[in-house]
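Secondary and tertiary structure notes
Take a look at the letters that make up each chain.
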Amino acid sequence: MSKISIIIQREYLSRVKKKSFIIMTILGPVLMAVLMVAPVLISTLSDKEYKIAVVDETMHFYPLLEDANRTIFTHLPVEVDEALVLMHEGSFDAVLHIPSQAIEQPSSIRLISEKASNLNARMYIQSSFRHELERIKLEESGIDPELLAAMDVRVSIQAVRIGSDGSQKADFTEISMGIGFIGGFLIYIFIFLFGSQVLRGVMEEKTSRIVEIIVSSIRPFQLMMGKIVGVGLVGLTQFVIWIVLTLAIVGTVQTVFPDVFKSASNNQVLAGAEQMPGASEMTSQIENLQADESALANILEGLSSFNFPMIILSFLFFFLAGYLMYAALFAAIGSAVDNEADTQQFMLPITVPLLLALIMAQMVMNNPNGPVAFWMSMIPLTSPVIMMVRIPFGVPAWELMLSATLLIAGFILATWLAGKIYRTGILMYGKKPSYAELWKWIRQA
């Protein structure tokens, strides 16, 4: 055991001291924080006012246009040619021409500009005019718009989950889907990322012939296990640092620029909704949410219903057990080949189950208690991803324990098979092995 710990220490320290590890450990959180913060900063700091001159020959539509989302409307009681001259001189970015026949022919309305028009402003104008024209046509047809609006009935069904003790609590399936998919996707990424590091590390030692010196004082199986565990600890270290630094960077930016993040308030949300297709529906939903003071309480109740300590512990277990199982197989492949090109024929059978699990995640989220979800969460090659997807929806304890037991058994079997291949392949050079030869190595005593 002491020899394995020495290999673990060597693998861990040699990797965390590399410049590439230090750079990626610092750069990773910075990039993630930029992706979270940059859109808000850019949209707030870089946008300029978009000035539109309105030439309304109907004298009906201009009062409908209110300044919103940095778009400024100015009514000009002049001919459209004079307004175009002012735009050319730089006083305005665009001219909105509303001809006298606009009510009968809405397609005659034009937004004229010398540069590409602002899409948000154009969508806002279209939405405002559409609602007004609909109101006018309803009145001409003798239909009361308020009566028509009262007939618009919205149905929102509250999902409720009954616990084993008979208690009832809100069930937010969307939140479960988000947590499950993110957890499964992270496990998928980390297994591939750190498993490939094991493969490359084994190949480097084999091709440089350093392994011949190492195995003279340590058993090949001990070397393989030390390398797998050492790389896994490096991955966990980097993952924890990424989370801490990302939260620290985002929190610092929000503290330094509090007004920037407050700008994404309800008023801006409503203004943005008015500028998109289906604005009336989106605005109505937001207003209904604001009117119902219990909505936020229900969402918080839904979040509180999740057992986050159990989800985090399950994530760590399925990540570590899944990584150890796949890393053993990656180490076996690295020991059997001499170059990166030869790994492709052996990588396919290993990567297909993980890819299949990620592809099937959507089906599992739609029916987390179905037979496909159950069996894929029991098969060790797919259970790390699929079980992580299912856990936020609620998994019986016996299924969770059975999946964990089978995964541990799969890890032991994969390690035993990989050890057989590793013991022989690590000292084989100049020959491209076949599946038949790998089977021969496994059968050897």
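Described below are features of the structure shown in this document. (Residues numbered from 1 in each chain as written. Predicted model: local features only at pLDDT ≥ 70, side-chain atom pairs only at ≥ 80, totals over all residues. Heavy atoms only, no water.)

**Here's the deal with the overall build of the protein**
When its secondary structure is counted, the protein shows 19 helices and six strands. Taking all 445 residues of the protein together, the buried fraction comes to 41%. Here the analysis covers contacts within the protein between residues at least 6 apart in sequence; of these, 71% occur between residues at least 24 apart. Accessible surface, the protein: about 24700 Å² in total, of which carbon and sulfur atoms supply 65%. (Helix = DSSP H or I, 4+ residues; strand = E, 2+ residues; numbered from the N terminus. Buried < 20%, exposed > 50% of the residue type's maximum accessible area, 1.4 Å probe, protein only. Contact = heavy atoms within 4.5 Å. Areas by Shrake-Rupley, 256 points an atom, 1.4 Å probe, with all protein chains shown as cover.)

**Some points on the pattern of salt bridges**
Per the counting criterion, the structure on display carries four salt bridges. Across the pair arginine 15 and glutamate 11 runs a salt bridge, and its minimum N-O distance is 3.3 Å. A residue pair is termed a helical-turn pair when its members lie 3 or 4 positions apart in one helix, as arginine 15 and glutamate 11 do in helix H1 (residues 2–16) at four residues. The closest approach of N and O atoms between glutamate 11 and lysine 227, which form a salt bridge, is 2.6 Å. Of the two residues, glutamate 11 sits in helix H1 while lysine 227 sits in helix H8 (residues 220–256), which places them 216 residues apart along the sequence. With relative accessibility at 3%, the residue glutamate 11 sits in the buried group. Several salt bridges converge on common partners, so that one network encompasses Arg10, Glu11, Arg15 and Lys227. (Salt bridge = Lys/Arg side-chain N within 4 Å of Asp/Glu carboxyl O.)

**Quick notes on the sheet that holds strand E2 (residues 71–75)**
With mixed pairing, four strands are arranged side by side in an open sheet as E2-E1-E3-E4. Looking at strand neighbours, the two that pair on one side only are E2 and strand E4 (110–112), the edges of this open sheet. The sheet shows a mean angle of 25 degrees between the axes of neighbouring strands, direction not considered. Sheet topology note: the strand E1 (residues 50–56)/strand E3 (residues 94–98) ladder contains five bridges and is parallel. Following the sheet pairing, aspartate 56 is matched in E3 by isoleucine 98. In the packing of helix H3 (residues 80–88) onto the sheet, contacts are made with E1, E3 and E4, and the angle to E3 comes to roughly 170 degrees. (Pairing = 2+ DSSP bridges. Axes fitted to C-alpha atoms, helices over the stretch in contact; angles between N-to-C directions.)

**Section: the packing of helix H17 (residues 383–390) against helix H18 (residues 397–425)**
Two numbers describe how H17 lies on H18: the axes approach to 11 Å, and their chain directions differ by 165 degrees. Classified by the angle their axes make, H17 and H18 are roughly antiparallel. Handedness of the H17/H18 crossing: left-handed. On H18, the residues that touch Ser383, Pro384, Met387 and Arg390 of H17 are Glu399, Leu400, Ser403 and Leu407. (Parallel < 35°, antiparallel > 145°, perpendicular 65-115°, else oblique. Left-handed = near helix turned anticlockwise from the far one by under 90°.)

**Here's the deal with a negative patch on the surface**
Together, Glu57, Glu79, Asp81 and Glu82 make up a negatively charged patch on the protein surface. With respect to the secondary-structure elements, glutamate 57 resides in the loop between E1 and E2. (Patch = residues over 30% accessible without salt bridge, like charges linked within 9 Å, V, L, I, M, F, W, Y side chains within 5 Å. Lys, Arg positive; Asp, Glu negative; His and termini not counted. Charge placed at Lys NZ, Arg CZ, Asp CG, Glu CD.)

**A word on the environment of glycine 235**
Note that glycine 235 resides in helix H8. Residue glycine 235 is classed as buried on the basis of its relative accessible area of 1%. Separated by 44 residues in the primary sequence, glycine 235 and isoleucine 191 have C-alpha atoms spaced 9.6 Å apart.

**Notes on H17**
Counting buried positions along H17 yields eight of eight residues, so the element is predominantly enclosed. Within H17, the full set of buried residues consists of Ser383, Pro384, Val385, Ile386, Met387, Met388, Val389 and Arg390. Residues of H17 that are buried sit in contact with helix H6 (173–207), helix H13 (308–336), helix H14 (344–359), helix H15 (361–366), helix H16 (371–376) and H18.

**Side note on the nonpolar core**
Nonpolar side chains tend to gather and get buried jointly when the protein is soluble and globular. Judged by nonpolar contacts, the single largest core of 71 residues is most densely connected at Ile187, Val198, Ile228, Tyr323 and Ile391. If we ignore the near neighbours within four places in the chain, the residues touching isoleucine 187 are Phe315, Phe318, Phe319, Pro384, Val385 and Met388. Formed by 17 residues, the second largest nonpolar core is a distinct cluster that contains Val54, Leu96, Ala102 and Ala121. (Core = buried A, V, L, I, M, F, W, Y, C linked by side-chain atoms within 4.5 Å.)

**So, the pairing of E1**
Side-chain positions along a regular strand alternate between the two faces of the sheet. Here E1 lies mainly inside the structure; six of its seven residues are buried. With five bridges connecting them, E1 and E2 associate as parallel partners. Note that in E2 the partner of isoleucine 52 across the bridge is phenylalanine 73.

**Topic: the side chain of serine 176**
Tracing the backbone shows serine 176 in helix H6. Here the side chain of serine 176 touches proline 392 through a polar contact of 3.5 Å, landing on its backbone oxygen. (Polar contact = N/O pair within 3.5 Å; in protein donor to acceptor, adjacent residues only side chain to side chain.)

**Here we look at the packing of H18 against helix H19 (residues 435–443)**
Interhelical geometry of H18 versus H19 gives an angle of 105 degrees and a closest axis separation of 8 Å. Our classification of the angle between H18 and H19 gives roughly perpendicular. Two secondary-structure elements touch here, H18 through Trp416, Leu417, Lys420, Ile421, Thr424 and Gly425 and H19 through Leu438, Trp441 and Ile442. Tallied by class, residues from the contact of H18 with H19 come to six nonpolar, two polar and one charged. (Nonpolar A, V, L, I, M, F, W, Y, C, P; charged D, E, K, R; others polar.)

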